[in-house]
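# Examining the three-dimensional arrangement
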4 protein chains.
Amino acid sequence: MGESLEERQTGRTEAFSDGVFAFAITLLVINLKDPGLSPGVDLFRGLLNEWPAFFALVTTFFTVLVMWVGHHNMFTFIRQLDTKLMFANGLLLLVVVLTPFATILVADNLLTSQAREAATVYAGLFLALSVIWNGLWYSLSRRKLIRKNIDERFIRSLGRQYSVGPLFYVFALVVSYFNALASVVIILLAAVFFAITASIPKSSRTP
Amino acid sequence: MGESLEERQTGRTEAFSDGVFAFAITLLVINLKDPGLSPGVDLFRGLLNEWPAFFALVTTFFTVLVMWVGHHNMFTFIRQLDTKLMFANGLLLLVVVLTPFATILVADNLLTSQAREAATVYAGLFLALSVIWNGLWYSLSRRKLIRKNIDERFIRSLGRQYSVGPLFYVFALVVSYFNALASVVIILLAAVFFAITASIPKSSRTP
Amino acid sequence: MGESLEERQTGRTEAFSDGVFAFAITLLVINLKDPGLSPGVDLFRGLLNEWPAFFALVTTFFTVLVMWVGHHNMFTFIRQLDTKLMFANGLLLLVVVLTPFATILVADNLLTSQAREAATVYAGLFLALSVIWNGLWYSLSRRKLIRKNIDERFIRSLGRQYSVGPLFYVFALVVSYFNALASVVIILLAAVFFAITASIPKSSRTP
Amino acid sequence: MGESLEERQTGRTEAFSDGVFAFAITLLVINLKDPGLSPGVDLFRGLLNEWPAFFALVTTFFTVLVMWVGHHNMFTFIRQLDTKLMFANGLLLLVVVLTPFATILVADNLLTSQAREAATVYAGLFLALSVIWNGLWYSLSRRKLIRKNIDERFIRSLGRQYSVGPLFYVFALVVSYFNALASVVIILLAAVFFAITASIPKSSRTP
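Remember, predicted model here, so these are calculated numbers, not experimental data. (Residues numbered from 1 in each chain as written. Chains lettered and ligands numbered in written order. Predicted model: local features only at pLDDT ≥ 70, side-chain atom pairs only at ≥ 80, totals over all residues.)

### Observations regarding the overall build of chain A
This is how it is decided: Only DSSP runs of H or I covering at least 4 residues are called helices, and only runs of E covering at least 2 are called strands; the numbering of each starts at the N terminus.
What chain A contains, in helices and strands, is 8 helices and 0 strands. Along the chain direction, N to C, the helices and strands of chain A fall in the order α-α-α-α-α-α-α-α.

### Quick word on helix α8 (residues 180-197) of chain A
Note: α-helices contain 3.6 residues per turn, so residues at a spacing of three or four share the same orientation. Definition in use: Working rule for helices: expected span equals 1.5 Å times residues minus one. Counting other C-beta atoms within 10 Å of its own, a residue is labelled buried from 20 upward, exposed at 12 or fewer, and partly exposed in the gap between, with every C-beta atom placed from the backbone. By the convention adopted here, residues make contact when the C-beta atoms placed from their backbones lie within 7 Å.
For α8 of chain A, which comprises 18 residues, the first-to-last C-alpha distance of 26 Å matches the rise-based estimate of 26 Å (1.5 Å per residue) to within 8%. Among all positions in α8 of chain A, only A180, S183, V184, I186, I187, A190, A191, F194 and A195 of chain A are buried. Taken together, the buried residues of α8 of chain A touch α3 (51-77), α4 (83-109), α5 (115-142) and α7 (164-176) of chain A together with α4 (83-109) of chain B.

### Topic: the relation of the copies chain C and chain D
Operational definition: Only residues with pLDDT of at least 70 in both copies count here: their C-alpha atoms drive the least-squares fit that superposes the copies.
Superposing chain C onto chain D requires a rotation of 90 degrees together with a translation of 0.0 Å along the rotation axis, leaving an RMSD of 0.0 Å. Within this description, the copies of the chain are treated as partners about a four-fold rotation axis.

### Topic: the interface of chain D and chain A
A common way to state how big an interface is: give the accessible area lost once the parts meet. The test is simple: Residues are grouped as follows: Ala, Val, Leu, Ile, Met, Phe, Trp, Tyr, Cys and Pro are nonpolar; Asp, Glu, Lys and Arg are charged; all remaining types, including Gly, are polar.
In this complex, chain D contributes 28 residues to the contact, which on the side of chain A involves 31 residues. Listing elements by their share of the side of chain D that touches chain A, those giving two or more residues are α1 (2-27), α2 (43-49) and α3 (51-77) of chain D. Counting residues per element, the side of chain D that touches chain A draws most heavily on α1 of chain D, at 9 residues. Looking at the side of chain D that touches chain A residue by residue, the classes come out as 18 nonpolar, 7 polar and 3 charged.

### Describing the nonpolar core
Test applied: Here a nonpolar core is just a set of buried residues of the types Ala, Val, Leu, Ile, Met, Phe, Trp, Tyr and Cys, joined wherever their C-beta atoms sit within 7 Å.
Y122 of chain A, Y122 of chain B, V97 of chain C together with V97 and Y122 of chain D are the most contacted members of the largest nonpolar core, which has 272 residues in total. Ranked by residues supplied to this core, first place goes to helix α4 (residues 83-109) of chain C with 15 residues.

### With respect to the relation of the copies chain D and chain A
Expressed as a screw transformation, the operator carrying chain D onto chain A has a rotation angle of 90 degrees and an axial translation of 0.0 Å, and the superposed copies differ by an RMSD of 0.0 Å. Of all interface residues in chain D, a mere 11% are interface residues in chain A too; the two copies therefore contact each other through different surfaces.

### What to know about the interface of chain C and chain D
Taken together, the contact between chain C and chain D spans 28 residues of the former and 31 residues of the latter. Residue contributions to the side of chain C that touches chain D peak at 9 residues, all from helix α1 (residues 2-27) of chain C. Tallied by class, the residues present in the side of chain C that touches chain D amount to 18 nonpolar, 7 polar and 3 charged.

### Some words on the arrangement of the chains
Contact between chain A and chain C is absent, and the least distance between their C-alpha atoms amounts to 9 Å. If you take every C-alpha in chain B and every C-alpha in chain D, the smallest gap between them is 9 Å, and the two do not touch.

### Concerning the environment of I25 of chain B
Mapping I25 of chain B onto the fold places it in helix α1 (residues 2-27). Those residues in contact with I25 of chain B that sit more than four places away from it in its chain are F61, V64 and L65 of chain B together with V97 of chain C.

### Comments concerning the environment of I150 of chain B
Residues and elements named next belong to chain B. Relative to the elements of secondary structure, I150 occurs in the loop between α5 (115-142) and α6 (152-162). Assessed through the 17 C-beta atoms surrounding it within 10 Å, I150 is described here as partly exposed. As for I150 and L57, which are separated by 93 residues in sequence, their C-alpha atoms are 36 Å apart.

### Some details on the confidence of the model for chain A
Residues and elements named next belong to chain A. For clarity, the cut-off: Values of pLDDT, ranging from 0 to 100, describe the predictor's confidence in every residue of the model.
Across chain A, pLDDT averages 84, with 91% of residues at or above 70. Ranking the elements of chain A by mean pLDDT puts helix α1 (residues 2-27) last, at 73, and α7 first, at 94. A low-confidence stretch, residues 1-8 stays under pLDDT 50, and its non-local contacts, those more than four residues away or across chains, total 4 contacts. For this predicted complex, the interface confidence score (ipTM) comes to 0.85, while the overall pTM stands at 0.88.

### Overview of α5 of chain A
Along its 28 residues, α5 of chain A runs 40 Å from first to last C-alpha, staying within 8% of the 40 Å computed at 1.5 Å per residue. Positive backbone phi, at 55 degrees, marks K144 of chain A, one or two positions downstream of α5 of chain A.

### Notes on the packing of α5 of chain B against helix α7 (residues 164-176) of chain B
Residue and element names in this part refer to chain B. As a reminder of what qualifies: A fitted line through C-alpha atoms represents every axis, and for helices the fit uses only the stretch in contact; the resulting angles, taken between N-to-C directions, go from 0 to 180 degrees. Roughly parallel here means an angle under 35 degrees, roughly antiparallel means over 145, roughly perpendicular means 65 to 115, and every remaining angle is called oblique. A clockwise turn of the near helix away from the far one marks a right-handed crossing, whereas an anticlockwise turn of less than a right angle marks a left-handed crossing.
Interaxial distance between α5 and α7 falls to 8 Å at its minimum, and their mutual angle equals 165 degrees. Between α5 and α7, the angle falls in the class roughly antiparallel. Here α5 runs over α7; the crossing is left-handed. Contact with α5, carried on its side by R116, A119, T120, A123, G124, F126, L127, S130, V131, W133 and N134, involves G165, P166, Y169, V170, A172, L173 and S176 of α7 and no other residues of that element. Looking at the contact of α5 with α7 residue by residue, the class counts come to 11 nonpolar, 6 polar and 1 charged.

### A few points about the packing of α4 of chain A against α5 of chain A
Residues and elements named next belong to chain A. At their nearest, the axes of α4 and α5 sit 9 Å apart, and the two run at 165 degrees to each other. For the element pair α4 / α5, the angle class is roughly antiparallel. Where α4 crosses over α5, the handedness of that crossing is left-handed.

### Side note on the environment of V174 of chain B
All names here are of chain B. The residue V174 is located in helix α7 in this model. Exposure remark for V174: the 13 C-beta atoms within 10 Å place this residue in the partly exposed category. Along the primary structure V174 and G124 are separated by 50 residues, whereas in three dimensions their C-alpha atoms are 9.9 Å apart.

In structure tokens form, the structure reads like this:
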């Protein structure tokens, strides 16, 4: 029974995390505003003027999606999950919950004099996410909670790949001091980078 | 273990997609406004005057529902899911997330001078959805990621059925240039068409 | 494989329905307003004055919860689910999605001159829900989609129990013409009735 | 079939509860406001001034998360679930649904003259949650609905651990009469306490 109990535990933690990830990215939509409500504004032009909102939405959507795919892959490697790791996962989810708010900050302020401050908060949030992520993985691999049939070298290569995240977001944080738009573009590029490298190299897994 | 690992992967992608689909159609309700808040307006008459909001809600609800049923059926045919397909699925979900916003545009503007612009955005969004959908299916069938015990002819007939979607939405897009209401009606009819044809013809599946 | 395919289909329809039910009742909370925002209003007194909002929330919450428990029980009896039934289930979910809006109507208008109109809409919505519910069950039992090891008499007794729903809501609809509060109380009592009778009598099931 | 039927019942109740828990904590984010919208306010300073909103969000997030982990652990011990317990679980979920509203009350009023009233409502809500929780567990253990292979002593020790909850929240309720901030800090400390003690002592489970 012990085995199935643990499997169920992983299952519910995955389901709960999926819920938070899915709601957070769906909630992004409530920040979009109907430009037709302002009298005398052409709808198409109004939507074009809202481009920072769409740009921030797409950047957050893909960053969180990439993180969900990574979360999903990471959990296929986990043999067992204890309460401590559930709370580490909870801390990760807290930051995921905050992403729609940081997205609103960027969307509202990207064309104002406070654009750089908003971008700093945005980059800082993703930096926090990636640091917690690396801590979670480090703790998993150190405490031998990873399935036994996964190649040691594969685990290390995954750890190296994850450690690129904080570098990207520190860079975005520094850039946000000079240019808000460039900082958000770097965060979008980080998502593209992870989307490309996230493919699991099957050959490096033992059969 | 490989088999069960892949099965779990499909499972979580389905659960995540279900969350986004379900949440997106439930969020539609927050656009409905209590007409009783405007002083001196009769509640029944106020609700009747809000018919564009209900009409757009029902159209989006059934279109997304039909898409969910199709997504559900499509995933029963998938043998395996790789990271590339997870991101293609993610792109599909991004457009699903945007549907409540496009619904608000139609609901707010159907009786104003910007009705046709709103209908164009609405039809354009569903066109994008159906194009991504067809791309996803094309990529699945090309890359042999479909279960082996499904009849080749059935796969091709499903592909033909899916390809009707873009035709409907291109038609709705063209019509939106002349009449917004007619354009939305076409989109509702597309949902009815897919609801009728979505029934899986059991006879064409190999046992 | 046929069997497991069908089982998976039921599984995802249940998961999707669960999502819509769960989001709809959680969304009820966004209608509650902080009375502390109005200057000079005591917080406790302000919350007490908001009792129609809490009353409507609790009534809707328990009605939808009872319906979810019933949905859950109903699905344990279903042997197979086809596309037609998925859409019947979708129609049910559409009305579930509308319940937070009907709740807002009652919450906002219970103490105004439009209370009876709001209660009529509220009762009408639950009447529609229960009629669709009965149609779904009738269609399931007529088309032999119920598990074979369930006693015929049990199926008929369940049908009789479900048919009480529309009676309750027609009564609430008639009463709403005279007194809004009494009408909502009847709907709350209907939820209590179903909560008591929803217990599955194990003895009437064949082993 | 009986066994698998019951297992499915627990499964859907868990999935439904997960949905409500996950959605409730994600909804917390919509209360955060962009300080950049007020002209002339520095974004960083504005966010700092919003600390009560972040503080209340974090407190509620971790309290509900701890409760979810506990709910998760509790359900691994449940052998069977009947309709009565589904409704007891429903009552628990009703209070969970109200937590984002109580969080808004604290966030909005922590720096106003009504801070203590808001803290009283907040502490009262968590007191209600912990009382329902203990009632649920008492009813489960009394009615022999717990898996047979769990040690009696472990069940009793879990019951003792749960009974600490109401003590914490009664204390927070009393303190709220004197100091709102201290009351919320106590609730945060309660979450920390449960996070530490929630680890399942494996040794006390029979193999």
